[in-house]
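Chain by chain, the residues:
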Amino acid sequence: MAAPFATRLDNIGLSMIRQIMLQAAGCANLGIGEPEFYAPSVVREEAIRVVEEEKILYSPTLGLPSLGRAVRNYHGNRRGDAVCVTNGSQEALFDLLFALVDPGDEVLIPDPGFVAYATVIQLAGGVPVRYALPAQNDFMFSASEFERAMSTRTKAVLVNSPSNPTGRILASGDLEWIAGFCRDADVHLISDEIYREVHCLPERPPSLADIDDRAIVLSGVSKMASMTGWRIGWVCGPAAVVEKANVMHQYTSSCASTLAQKAALAVFSPEGRAAVERRRRQLDENRKFTCDWIDQRLGRAFAHPQGAFYLLLSVADLGRPSLEVALGLLKDRVAVIPGAAFGRQGEGFLRL
């Protein structure tokens, strides 16, 4: 008989998102979180040039210095910051949490929030503690719920704005309050800003990097530049923190793809930035169309998104768990994600 599996994987399996996606072939796919566009032409052309003209060797573990400088400038070029380029922002999350969290440490995460947060914390030996973004308050930030979740065992706090799955954006005042609270409590503050370039506001959403020089930012080109499969993300923050995350990164993947890094550098060129803005405007048009269609044709309540490219549609009146509703739609060849995948506050909704 084979030896048993590692206990760290007890009660951990594929997320509801992946379970739905395994059955989504041939469906109208409103499930997976990626834009429909090609990567910008300037990025694709640079990738072709590199393949034809350069050797593609290992990069430094931290990433190409030129890409690190571009990322640091993108995040405000804070004094004392460093960057570690990773295989997508999810590896950045993994490396960072394994660098910060000891067994028994608590890490605050939003509810509803991205499915990987709780799982990676558990794999690192920590305890995920959810602070509610109450559904009855349109998933807006609640200082009282946040304070209620804090304890003497809290090691780090994670915020996500724009939010997956709600599309809500934290206001500058909320971010300032969170930053001050975490500074007083002396806990790490992690800001997942992978969707910052996808919004419907007159200006880009505020960044915690502009508010607190201790904030650690996770991001990447996957969502902003339609480059999900290129797998380029990063950790940007105080050098001492990034140095520890880089130790984990060294052993998880040695370095991010050198080809993808060189191509991703073009995202920060004038042509790349213009392409990102064009995609943002198109996604905003898609958002307006979808919201209008639901209002006029479906007549069903939903949380109006301010950013990202998700919409939480209420199905609470059906009196069935969101997973059951999603599986029913899957039989009708429509793939959506049950809100329960994202936490207790997501139950009664579907993520489109």
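As the structure is a prediction and not an experimental result, all values here were calculated from the model. (Residues numbered from 1 in each chain as written. Predicted model: local features only at pLDDT ≥ 70, side-chain atom pairs only at ≥ 80, totals over all residues. Heavy atoms only, no water.)

Draft legend 1. Up close: the overall build of the protein chain. Along the protein chain, the regular secondary structure elements total eleven helices and 13 strands. Over its C-alpha trace the protein chain gives a radius of gyration of 20 Å, about what one expects of a compact globule, namely 20 Å for 352 residues. Projected onto its principal axes, the C-alpha positions of the protein chain cover 60 × 55 × 50 Å. Across the 352 residues that make up the protein chain, the buried fraction comes to 51%. Across the protein chain, contacts joining residues at least 24 apart in sequence account for 71% of those joining residues at least 6 apart. Surface exposure of the protein chain reaches about 16,500 Å², of which carbon and sulfur atoms provide 51%. Here the protein chain holds 36 positive side-chain charges and 40 negative ones, and the gap between their average locations is 3 Å. (Helix = DSSP H or I, 4+ residues; strand = E, 2+ residues; numbered from the N terminus. Rg over C-alpha atoms; globule rule 2.2 N^0.38 Å. Buried < 20%, exposed > 50% of the residue type's maximum accessible area, 1.4 Å probe, protein only. Contact = heavy atoms within 4.5 Å. Areas by Shrake-Rupley, 256 points an atom, 1.4 Å probe, with all protein chains shown as cover. Lys, Arg positive; Asp, Glu negative; His and termini not counted. Charge placed at Lys NZ, Arg CZ, Asp CG, Glu CD.)

Draft legend 2. Here's a closer look at unusual backbone geometry. Note that the residue after Asp-111, namely Pro-112, is joined by a cis bond; omega there is 5°. With respect to the secondary-structure elements, Pro-112 resides in the loop between strand S3 (106-111) and helix H5 (115-123). Here the amide bond leading from Ser-161 into Pro-162 is cis, since omega sits at -10°, within 30 degrees of zero. In this structure, Pro-162 sits in the loop between strand S5 (154-160) and helix H7 (172-185). Phi at Phe-139 is positive, roughly 65°, even though this residue is not glycine. Inspection of the secondary structure puts Phe-139 in the loop between strand S4 (127-132) and helix H6 (143-149). One non-glycine residue, Ser-226, lies in positive phi territory at about 55°. Relative to the elements of secondary structure, Ser-226 occurs in the loop between strand S7 (216-220) and strand S8 (233-238). When its relative accessible area of 9% is taken as the criterion, Ser-226 is described as buried.

Draft legend 3. Focus on the pairing of S4. Both S3 and S4 contribute to a ladder of six bridges, which runs parallel. Counted as the bridge partner of Val-107 is Pro-128 from S4. Handedness of the crossover joining S3 and S4 through H5: right-handed. (Pairing = 2+ DSSP bridges. Right-handed = clockwise from strand over helix to strand, strands pointing away.)

Draft legend 4. Region of the structure containing the packing of aromatic side chains. Applying the stated criterion across every chain yields a total of 14 aromatic pairs. Centre to centre, the rings of Phe-139 and Phe-349 are 5.2 Å apart; their planes meet at 70°, and the pair counts as edge-to-face. Placement of the pair is Phe-139 in the loop between S4 and H6 and Phe-349 in strand S13 (residues 349-351), with a sequence separation of 210 residues. Judged by relative accessible area, Phe-349 falls into the buried class, the value being 13%. Cluster of aromatic residues (ring-pair linked, three or more members): Tyr-131, Phe-141, Phe-146, Trp-177 and Phe-181. (Phe/Tyr/Trp six-rings, centres within 6.5 Å; stacked < 30°, edge-to-face > 60°.)

Draft legend 5. Summary view of the pairing of S5. Buried residues dominate S5, accounting for six of its seven residues. Pairing analysis gives three bridges linking S3 to S5, with the strands arranged parallel. By the bridge assignment, Glu-106 is partnered in S5 with Thr-154. Taken together, S5, H7 and strand S6 (residues 188-192) form a β-α-β motif whose crossover is right-handed.

Draft legend 6. Representation of the environment of Ser-269 within the structure. Take Ser-269: it is sitting in the loop between helix H9 (258-264) and helix H10 (270-298). For the pair Ser-269 and Val-42, spaced 227 residues apart in sequence, the C-alpha separation works out to 8.7 Å.

Draft legend 7. Looking closely at the nonpolar core. Ranked by size, the top nonpolar core spans 25 residues in total, and within it Val-221, Met-227, Ile-232, Trp-234, Val-267 and Phe-268 carry the most contacts. Mapped by element, the contributors of at least two residues to this core are helix H2 (41-53), helix H3 (65-74), strand S2 (81-86), S8 and H9. If you tally residues by element for this core, the top one is H3, at four residues. Leaving out residues up to four positions away in the same chain, Val-221 has contacts with Ser-226, Met-227, Ile-232, Trp-234, Ala-264 and Val-267. Counting residues in each nonpolar core, the second largest holds 24 residues, with Ala-82, Val-107, Val-120 and Ile-216 among its members. (Core = buried A, V, L, I, M, F, W, Y, C linked by side-chain atoms within 4.5 Å.)

Draft legend 8. Summary view of the sheet that holds S5. Spatial strand order, S2-S8-S7-S6-S5-S3-S4: seven strands in an open sheet with mixed pairing. The open sheet terminates on both sides in strands that have one partner only, identified here as S2 and S4. For this sheet the average axis-to-axis angle between neighbouring strands, irrespective of direction, equals 25°. Across the sheet, helix H4 (residues 88-100) touches S2, S5, S6, S7 and S8, and the angle it forms with S7 is around 155°. (Axes fitted to C-alpha atoms, helices over the stretch in contact; angles between N-to-C directions.)

Draft legend 9. How the structure looks around H5. Every buried residue of H5 is listed here: Val-115, Ala-116, Tyr-117, Ala-118, Val-120 and Ile-121. Buried residues belonging to H5 abut helix H1 (16-21), H4, S3, S4, S5 and S6. Positive phi shows up at Gly-125, right after H5, with a value of about 95°.

Draft legend 10. Examining the side chain of Lys-223 more closely. Relative to the assigned elements, Lys-223 resides in the loop between S7 and S8. For the buried Lys-223, no salt bridge is present, and the opposite-charge side chain at shortest range is Glu-34, 6.8 Å distant. Among all residues touching Lys-223, those that are not within four sequence positions of it are Gly-33, Pro-35, Ile-194, Tyr-195, Val-198, Thr-228, Phe-309 and Tyr-310. (Salt bridge = Lys/Arg side-chain N within 4 Å of Asp/Glu carboxyl O.)

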